[in-house]
2 protein chains.
Amino acid sequence: MFLPAPHVARVKADAAERAALELARLLGDSVVSCEASALEGVSRDESETQGVLPDIVVFARNAGDLAETLRVAAKHDVPVTPRAGGSGRAGGAIPLAGGIVLCTEALDQIKDIDARNRVAVVEPGLMTRDLHRAVEALGLFYPPDPNSLEWCRIGGNVATNAGGPRAYKYGVTRNYVLGTEVQLMGGEVLRTGRRTKKGVTGYDATALLVGSEGTLGVFSELTLALVAKPPLVATVLALFSDDAAALGAVVHLQAAGLTPRCIEYLDAVTCNAVRAKGVALDLRAQALLLMDLDGAALDAELERHGEVLLGCAGIVDVQVAQDAARRDALWNARRALSPTTRALAKFKISEDVVVPITEMAHLVSESHVIAERNQIRSLVYGHAGDGNLHVNFLFDDTSEMPRVKQALLELMQCTLGLGGTLTGEHGIGTTKLAYLHLEQDAGLRALQLRLKAAFDPRGLLNPGKAIVATHAC
Amino acid sequence: MFLPAPHVARVKADAAERAALELARLLGDSVVSCEASALEGVSRDESETQGVLPDIVVFARNAGDLAETLRVAAKHDVPVTPRAGGSGRAGGAIPLAGGIVLCTEALDQIKDIDARNRVAVVEPGLMTRDLHRAVEALGLFYPPDPNSLEWCRIGGNVATNAGGPRAYKYGVTRNYVLGTEVQLMGGEVLRTGRRTKKGVTGYDATALLVGSEGTLGVFSELTLALVAKPPLVATVLALFSDDAAALGAVVHLQAAGLTPRCIEYLDAVTCNAVRAKGVALDLRAQALLLMDLDGAALDAELERHGEVLLGCAGIVDVQVAQDAARRDALWNARRALSPTTRALAKFKISEDVVVPITEMAHLVSESHVIAERNQIRSLVYGHAGDGNLHVNFLFDDTSEMPRVKQALLELMQCTLGLGGTLTGEHGIGTTKLAYLHLEQDAGLRALQLRLKAAFDPRGLLNPGKAIVATHAC
């Protein structure tokens, strides 16, 4: 809780008070709260960003509550920060201007699963894991699997266009959102998109909403495409002598035309974190790739993966996780990497950069050079199949922040110099706004402000996020 | 050439003349033409829509010519209709307001194929088949395969978010566009998106441009994602006693978790058209499914498809096309369906509706009822795996147009009533604008106009298309 957020003017106290009174009258005291404990509970996410306390929190029960809140907020010129699970890592759900935090957690229903047409219609507060369980029980599959899937909510997944390991084979959240019901600032409700797999009627407003980080509208319903659940899954663990070998193997696997459902990379530090979780790993391994394969028949695929991996320079060992216990141990350790590595220092900043896969080895070695030059520690893991690496900087004292900031800037410059992008799946939120101009030129940034104005002309919805450091409010 | 286009006010003659003079001076007479033969050559597409002759055609040689044209057009308040291959089926490339037709055909270069990172950077005038050939020579694959792939251009594919048979397994054009360089009305150039597979920096302006039918900007460069070329392809032909049986089999195939790369459906009339092309088909077959499977190993997959198909009601025969000659004959006949069936009557209107796959049989039977009620003929074929059916109405005299229009309206109403959408891959263009309000409510249509204004506030780019019948111009 120390990274300063962009400066956004705080809402006027009398406006917030009028909005609070009107909302409490309309929605009731059980829905609208101004109590300190409630306000504190919605003022953070899983980034290190310090926001401000909001004035009001609305625990919406249904789409009507969302619309009413957005109507009253617009009437009184009060900013609104939408919030689903609060599991974001870029500060996207943190209130910066005070005003209202609009919680969608209670909208957690599955409205429909049409198994024969492979469509689910859900509310935004549904936990991602609950969607997974419900559709898998019917032989279907919702591929996006952000690491936080046990507690994140589908509305936040859509707002950030969440990814996860399985994106390598199956793509990201955007690929599965067919349509939305979305509440606009002011209380208007729109339906975008469709229920069918194909469709090109009008502009793709749905795609524009996906990944817009709650700055354009608040989802009240999401129509999602599903696929068939793969009958079989197998896990392959490939151990390497060094980073370059592991990351080079990713290029070889892809060149061989292989498509496991994920290719996760761990560097030496994170290999040790996995060992500390009680997972035995050959001590010669200084980097590893963890891969899942899925499909109707895997024997031939496993053999081809083994052949390619054993032909890679620096390979130490290739193992197929035959039993569920070993598989679960590996994946639980992988999923726990964020909290595990967080314990390695008092402070940790996890970045989410993407580079072409051929440039990953360069990015990893350069990130260590950057860390050393700025006298902080670093570690890297991530979704290597997609070139999406979580570069983490570790440090122990806030006095180091100027050096950390310098390291972050150098990391972003390096990423973009390698043909990459600032964020693969976490979003810009507030934490990466300072670098936005390094990737997007003034013309594109200005266009995005005009697109924002098409939805929210007064800039009241989630101000200070995603596209610009300060909104009018 | 008889369907009336929406009314759009024609550009003032003096404004067009000033623009023509300035463009000729800047770009030269070999690039800018006002000759009747040139103007006629760019006033039609493959729909039945009657546009108007433009005043000027610009045969752009490069991005600079595009920018200069859009700058001069804006200066003189002259509308611009962008044009790639002119193979569209919805009137999207037809000039409605006169002014300038801006041709991108000469921008046909492949700028880069980065095989290891599976990215191609191409110009908009590149023929889709040439992209296919170039990447397949490197063991890569660009899945979208609109039926017109031998003559359509990638810029038009992106503008319409083109599909094709392979969309069933691989998705549509949108899924492969990573980034664009786009020229805006007025001469500004923007770069949107990225070169990496993942990325969530800022709004997804790229996705908004895909399928916007040339109303937001003119592409000068496209960055496309590629996948590995599947090593093997096999073709399965399933013959059925009737439509409902064939379309029911699609539901069974999907329920069994099978994912061929395409599932094409032909009704009785189109089966006969295939027979007329010299392809032998069991005479008991009154409907068929043509499927391609691809992958590294197909024997087990073929067997599973055979099992499921032979278990379907109304199955007449299942054949695996073992030799290339039979495969090519089947696919050539499928690809030729549009011209072949066009010969069945003086006039043919091909629609492009989508319904949930469980509703296809209902849509097909209802489309025949609608045709009969309005005393015209009908036939149906299409991408059944995606629920995307090309319902064709045939007639011989323009005096029948009131009945044809009534049938079209009823078809659209039926489609939407079944949970479908007006267009799966052709676009709204001009031909479906009259039905847009049936699918999209006033709020969404108004939002789309605001999005349009964020790119082109004076409505000069491709007026009268995609989102609204008349623009200011």
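A short tour of the structure in this document, coming up. (Residues numbered from 1 in each chain as written. Chains lettered and ligands numbered in written order. Predicted model: local features only at pLDDT ≥ 70, side-chain atom pairs only at ≥ 80, totals over all residues. Heavy atoms only, no water.)

## A closer look at the sheet that holds strand S12 (residues 218–225) of chain A
All names here are of chain A.
Here is step 1 of the chain: Here we have five strands laid out as an open sheet, ordered S7-S8-S12-S10-S11, and antiparallel in their pairing. Pairing within the sheet leaves two strands with one partner each, and these edge strands are strand S7 (110–114) and strand S11 (189–193). Going across the sheet, the axis of each strand differs from the next one's by a mean of 10 degrees, ignoring polarity.
Here is step 2 of the chain: The pairing of strand S10 (residues 177–183) with S11 spans five bridges and is antiparallel. Across the sheet, the residue bridging to glutamine 183 is valine 189, located in S11.
Here is step 3 of the chain: Contacting S7, strand S8 (119–122) and S12, helix H4 (residues 128–136) crosses the sheet at an angle of about 35 degrees to S7. (Pairing = 2+ DSSP bridges. Helix = DSSP H or I, 4+ residues; strand = E, 2+ residues; numbered from the N terminus. Axes fitted to C-alpha atoms, helices over the stretch in contact; angles between N-to-C directions. Contact = heavy atoms within 4.5 Å.)

## Looking at the pattern of salt bridges
Here is step 1 of the chain: Across all of its chains, the model carries 72 salt bridges over all chains by this definition.
Here is step 2 of the chain: Two residues, Glu264(B) and Arg334(B), come together in a salt bridge whose shortest N-O distance is 2.6 Å. Remark: Arg334(B) occurs in helix H11 (residues 324–335) and Glu264(B) occurs in strand S15 (residues 262–266); sequence separation between them is 70 residues. The residues Glu264(B) and Arg334(B) share a single accessibility class, namely buried.
Here is step 3 of the chain: Each member of the salt-bridge network shares a partner with another, and the members are Lys169(A), Arg261(A), Asp292(A), Asp294(A) and Arg327(A). (Salt bridge = Lys/Arg side-chain N within 4 Å of Asp/Glu carboxyl O. Buried < 20%, exposed > 50% of the residue type's maximum accessible area, 1.4 Å probe, protein only.)

## Here's the deal with the pairing of S15(B)
Across a regular strand the side chains alternate sides, sitting on one face of the sheet and then on the other.
All names here are of chain B.
Here is step 1 of the chain: Of all five residues that make up S15, five are buried, and the element is covered over most of its length.
Here is step 2 of the chain: Where S15 meets strand S16 (residues 287–295), five bridges bridge the pair, whose relative direction is antiparallel. Note that in S16 the partner of leucine 266 across the bridge is leucine 288.

## Let's talk about the interface of chain B and chain A
Here is step 1 of the chain: If you look at the interface, chain B gives 77 residues, while chain A gives 75 residues.
Here is step 2 of the chain: Here chain B packs against chain A, burying approximately 5900 Å² in sum over the two surfaces, 56% of which is carbon and sulfur.
Here is step 3 of the chain: For the chain B face of the interface with chain A, the top three residues by lost area are Lys198(B), Val200(B) and Tyr203(B), together amounting to 17%.
Here is step 4 of the chain: Here Asp386(A) and Lys197(B) are joined by a salt bridge, their closest N and O atoms 2.7 Å apart.
Here is step 5 of the chain: The set of elements that each furnish at least two residues to the side of chain B that touches chain A consists of helix H6 (167–170), strand S11 (189–193), helix H7 (205–209), helix H8 (243–255), helix H10 (299–310), helix H15 (436–439) and helix H16 (442–455) of chain B. (Buried area = accessible area lost by both parts, 1.4 Å probe.)

## Topic: the sheet that holds strand S6 (residues 100–103) of chain B
Residue and element names in this part refer to chain B.
Here is step 1 of the chain: Taken in spatial order, the four strands make up an open sheet running S2-S4-S6-S5, and their pairing is mixed. Edge positions in the sheet fall to strand S2 (32–33) and strand S5 (80–83), since each has one partner strand and no second.
Here is step 2 of the chain: Examined bridge by bridge, S5 and S6 share four bridges and lie parallel to one another. In the strand pairing of S6, threonine 81 is matched with valine 101.

## Digging into the packing of aromatic side chains
Residues and elements named next belong to chain A.
Here is step 1 of the chain: Applying the stated rule across the entire model yields six aromatic pairs over all chains.
Here is step 2 of the chain: Taking the centre distance of 5.5 Å and the plane angle of 65 degrees together, the rings of phenylalanine 141 and tyrosine 170 count as edge-to-face. Taken together, the positions of phenylalanine 141 in strand S9 (residues 140–141) and tyrosine 170 in helix H6 (residues 167–170) put the pair 29 residues apart, joining distant regions of the chain.
Here is step 3 of the chain: Accessibility expressed as a relative area gives 14% for tyrosine 170, which makes it buried. (Phe/Tyr/Trp six-rings, centres within 6.5 Å; stacked < 30°, edge-to-face > 60°.)

## Observations concerning the relation of the copies chain B and chain A
Here is step 1 of the chain: Overlaying chain B with chain A gives an RMSD of 0.0 Å, the required rotation being 180 degrees about an axis along which the chain moves by 0.0 Å. On the angle and the small slide along the axis, the relation comes out as a two-fold axis.
Here is step 2 of the chain: A share of 97% of the interface residues of chain B reappears at the interface of chain A, consistent with the copies meeting face to face through the same patch. (Least-squares fit on C-alpha atoms with pLDDT ≥ 70 in both.)

## With respect to the packing of helix H13 (residues 360–373) of chain B against helix H14 (residues 401–417) of chain B
Residues and elements named next belong to chain B.
Here is step 1 of the chain: Where H13 meets H14, the closest approach of the two axes is 9 Å, and the angle between their N-to-C directions is 155 degrees. Relative to H14, the element H13 is oriented roughly antiparallel. Where H13 crosses over H14, the handedness of that crossing is right-handed. Note on element contacts: H14 touches H13 through Ala407, Glu410, Leu411, Cys414 and Thr415, opposite Leu363, Glu366, Ser367, Ile370 and Arg373.
Here is step 2 of the chain: Grouping the constituent residues of the contact of H13 with H14 by class yields five nonpolar, two polar and three charged. (Parallel < 35°, antiparallel > 145°, perpendicular 65-115°, else oblique. Left-handed = near helix turned anticlockwise from the far one by under 90°. Nonpolar A, V, L, I, M, F, W, Y, C, P; charged D, E, K, R; others polar.)

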